[in-house]
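Given next are the chains, with one letter for each unit.
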Amino acid sequence: TGLNYAYGITGPAQGHHYADPSTGEVRLSEDSYTHPQPHACFILSVGDDMVNAGGIMDLWVREARLFKYGSGTGTNFSKLRGSGEPLSGGGMSSGLMSFLKIGDRAAGAIKSGGTTRRAAKMVCLDLDHPDIVEFVEWKAREEKKVAALAEAGYSTDFNDEAYQTVSGQNSNNSVRVPHAFFDAVEKDREWPLYWRTELRKAEKEGRDPVPSKVLRARELWEKIGFSAWACADPGIQYDTTINDWHTCPADGRINASNPCSEYMFLDNTACNLASINLLTFFDEKRHTFRVEEYL
């Protein structure tokens, strides 16, 4: 902030908005630097829609806007249909993973604020999603391809050809684990997966959803542990506990985190980088804090 104020730096508008300090009205920024993007990492929502606002392709545009100016994003993709689910216009969905690969490539091309820093991107998925096994094993499988390329003579430096050839290298992946899953693991029970269309239909009709597939909870837990051992992903986010500790539950649940997971809050919010030096308000002679000046 302050680049326009201090140096007159400007640039074409990038689709950001700001709150007019005099009226509180949200307005579209007229240029890049008068009201720049001062936030750190965002939690963005995505709907089960291909091209409309709030949908999949719109998410890549919103992510690009944030990556360009150095921010990161985190999103829970659990609303997206799994592989083989029916489409409203006929045919079947190509599944969650096909879209995650697009987002991965886009993030790798844009990076976060320039070529010296990789994209700060978090991908979360609920443990009852029908594509959960593919998601859990995604990076571990890609690492096997890198190993094969290395054996064939390709460099395995992160910025060189082997890693550039495989997918899943531009995000931190995490699974959202509820208490019910740990209970199923402890008691060696089955764990149901649900088509997202069935979940929405069951909720609308006020009934329990019908599983599309059932796994042994311990089998899925073993896959999570093995993949994390093999490539450090996926991470674990304790969904039930996170929402038990939610400070604003009336405004909606917490579905995801920012890329580093130190910020967990509502969708379409951000942790703010703006800060103030509190020592400015400390009276060293009296050893008191000047509260009125601070306020």
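Below, the structure is looked at part by part.

Reading the values: rules and limits
Residues numbered from 1 in each chain as written. Predicted model: local features only at pLDDT ≥ 70, side-chain atom pairs only at ≥ 80, totals over all residues. Heavy atoms only, no water. Disulfide = S-S within 2.5 Å. Buried < 20%, exposed > 50% of the residue type's maximum accessible area, 1.4 Å probe, protein only. 1 Å grid on protein atoms, 1.4 Å probe; cavity = no way out; pocket = protein on both sides within 12 Å on 5 of 7 lines; lining within 4 Å. Points joined across faces, edges and corners; volume = space filled by probe spheres on them. Helix = DSSP H or I, 4+ residues; strand = E, 2+ residues; numbered from the N terminus. Nonpolar A, V, L, I, M, F, W, Y, C, P; charged D, E, K, R; others polar. Pairing = 2+ DSSP bridges. Expected span 1.5 Å × (residues − 1). Arc of directions from axis to C-beta. Patch = residues over 30% accessible without salt bridge, like charges linked within 9 Å, V, L, I, M, F, W, Y side chains within 5 Å. Areas by Shrake-Rupley, 256 points an atom, 1.4 Å probe, with all protein chains shown as cover. Salt bridge = Lys/Arg side-chain N within 4 Å of Asp/Glu carboxyl O.

### Some points on the state of the cysteines
Cysteine pairs can be linked by a disulfide, which is a covalent bond between their two sulfur atoms.
Thought 1: This model, assessed by the stated rule, comprises zero disulfides.
Thought 2: Cys260 provides the cysteine sulfur closest to Cys124, a residue in no disulfide bond, and the two sulfurs are 12 Å apart.
Thought 3: You can call Cys124 buried: its relative accessible area is 1%.
Thought 4: Free of any disulfide, Cys248 has its nearest cysteine sulfur in Cys271, 15 Å distant.

### Focus on the layout of surface pockets
Thought 1: Here the largest pocket is characterised by a volume of approximately 440 Å³.
Thought 2: In this structure, the largest pocket is lined by 17 residues; those nearest its centre are Gly15, His16, His17, Phe42 and Leu66.
Thought 3: Every element with two or more residues in the lining of the largest pocket is listed here: strand S3 (39-43), helix H2 (56-68) and strand S12 (269-272).
Thought 4: Residue contributions to the lining of the largest pocket peak at three residues, all from H2.
Thought 5: When the residues that make up the lining of the largest pocket are grouped by side-chain class, the tally is six nonpolar, nine polar and two charged.
Thought 6: Around the second largest pocket sit 16 residues that line it, and Ser78, Lys79, Asp126, Arg196 and Leu199 are the ones nearest its centre.
Thought 7: Per-element accounting of the lining of the second largest pocket gives the leading share, five residues, to helix H7 (residues 196-205).
Thought 8: Taken together, the residues that form the lining of the second largest pocket break down as five nonpolar, four polar and seven charged.

### Describing the pairing of strand S6 (residues 172-177)
Each regular strand shows side chains that alternate between the opposite faces of the sheet.
Thought 1: Burial of S6 is extensive: five of the six residues sit out of reach of the surface.
Thought 2: Across five bridges, the pairing between strand S5 (residues 121-126) and S6 is parallel. From the neighbouring strand, Val123 faces S6, where its bridge partner is Asn173.
Thought 3: The pairing of S6 with strand S9 (residues 235-238) spans four bridges and is parallel. In the strand pairing of S9, Arg176 is matched with Gln237.

### Considering H2
Thought 1: The end-to-end C-alpha distance of H2 is 19 Å, a good match for the 18 Å that 13 residues give at a rise of 1.5 Å each.
Thought 2: Buried within H2 are the following residues: Ile56, Leu59, Trp60, Arg62, Glu63, Leu66 and Phe67. Projected down its long axis, H2 carries its buried residues within an arc of 165°, all on one side.
Thought 3: Looking one or two residues beyond H2, the residue adopting positive phi is Gly70, at roughly 95°.

### A few points about a nonpolar patch on the surface
Thought 1: Together, Ile276, Leu278, Phe289, Val291, Tyr294 and Leu295 line one region of the surface with nonpolar side chains, adding up to about 600 Å² of accessible area.
Thought 2: With respect to the secondary-structure elements, Leu278 resides in the loop between S12 and strand S13 (282-283).

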